[in-house]
Amino acid sequence: MLVAVLSVKGSPGVTTLSVALAARWPAPYRPLLVEADPSGGDLATRFSLGAGPGLVSLAAAARRSADPALVWQHAQGLPGGLPVVAAPPDADRARGALSALTQNPAFGPGVLRAAANLPNSVMIVDCGRMDAGSPAMPIVRAADAMILLTGAHADDLAHLARRLPAIGRWSAHPVMLLVGDGYSPADVASELDVLPLGRVPDDPHGAAVLCGRPSAHWRRSGPVHSPLGQIAHKVAKVLVAQQAPPPQLPQQAPVPNRPTPVLHAVLGVPGSPVTVNGVRSAPLPPGHPGVTDGGSRGGAAS
């Protein structure tokens, strides 16, 4: 699967949720996180990663090859082993690398799509704050699912309502998640005619761990136990279920070709002609004017 995570206003925690999704994606899938935010990446700084490999080296390599294994070759490991293709913090370098990766006429986002098509592979792509001109748009359009994060206050929803018709055309499988306090999912559904999948809770301790900052409550704040990690796991399971092929109906055993019944003469019952519609006339009772002495139906005298 290829999953694009994004927002259209503010900073509602796209990168943090992307890390949580990748960390809590259910087995047996192999998740890989790709930072494709044109405003610059955060993971390299948060987790003290090296300058490379990353998005810049991947974009350069993708000019020469669309090998599905290419993405994994340009990933680094976060604490715990989660592989990530990190974008440079500098916005100009990040946008340049992303443009080279997605606007290559030979490959486009094909290298990410090819990696996502590998058995049990899942590409979680942090696309940051999106607009129609973002160089991450080809990734969003190629994704199997698009997760839109939005605040749930009046100003957030008013801004979103004006853009929903256009956003709905970005992906065939959009999912909306509310972030933090504000209107309930039912209220949002009533106003926007779109039912949010759920709400990302305000979980500062869980977010701190996913951002690479130590927490005094780290045992309860890890991705497995934190509220943020739990909602990410639920979202991942929903997306997996949506992409699963429909169950196959059980095949019925073929009906054997049976021979067509043949009408045979019955002892003691005189034969009679068959009409054009295939019905055999019943024999007439003895003594009927149409019955001869031999018991058969008589014809006209010659």
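Note: the structure precedes this text.
An account of the accompanying structure is given in this report. Not measured: the values here are computed from a predicted model.

Looking only at helices and strands, the chain has twelve helices and eight strands in total. Accessible surface, the chain: about 16300 Å² in total, of which carbon and sulfur atoms supply 57%.

Turning next to the pairing of strand β5 (residues 121–129). In terms of burial, β5 is a largely internal element, eight of the nine residues being buried. Sheet topology note: the strand β1 (residues 2–7)/β5 ladder contains five bridges and is parallel. Paired with A4 across the bridge in β5 is V125. Where strand β2 (residues 30–35) lies against β5, six bridges are found, and the strand directions are parallel. In the strand pairing of β5, R30 is matched with S121.

Here we take up helix α8 (residues 154–167). If you check α8, its first and last C-alpha atoms are 19 Å apart, about what 14 residues at 1.5 Å a residue would give, namely 20 Å. Residue A161 marks the point of greatest curvature in α8, where the axis turns by about 40 degrees; the proline P165 follows within four residues. Among the residues of α8, those classed as buried are D156, L157, L160, L164 and I167.

Basis of the calculations
- Residues numbered from 1 in each chain as written.
- Predicted model: local features only at pLDDT ≥ 70, side-chain atom pairs only at ≥ 80, totals over all residues.
- Heavy atoms only, no water.
- Helix = DSSP H or I, 4+ residues; strand = E, 2+ residues; numbered from the N terminus.
- Areas by Shrake-Rupley, 256 points an atom, 1.4 Å probe, with all protein chains shown as cover.
- Buried < 20%, exposed > 50% of the residue type's maximum accessible area, 1.4 Å probe, protein only.
- Pairing = 2+ DSSP bridges.
- Expected span 1.5 Å × (residues − 1).
- Bend = angle between axes of the 7 residues up to and from the residue.

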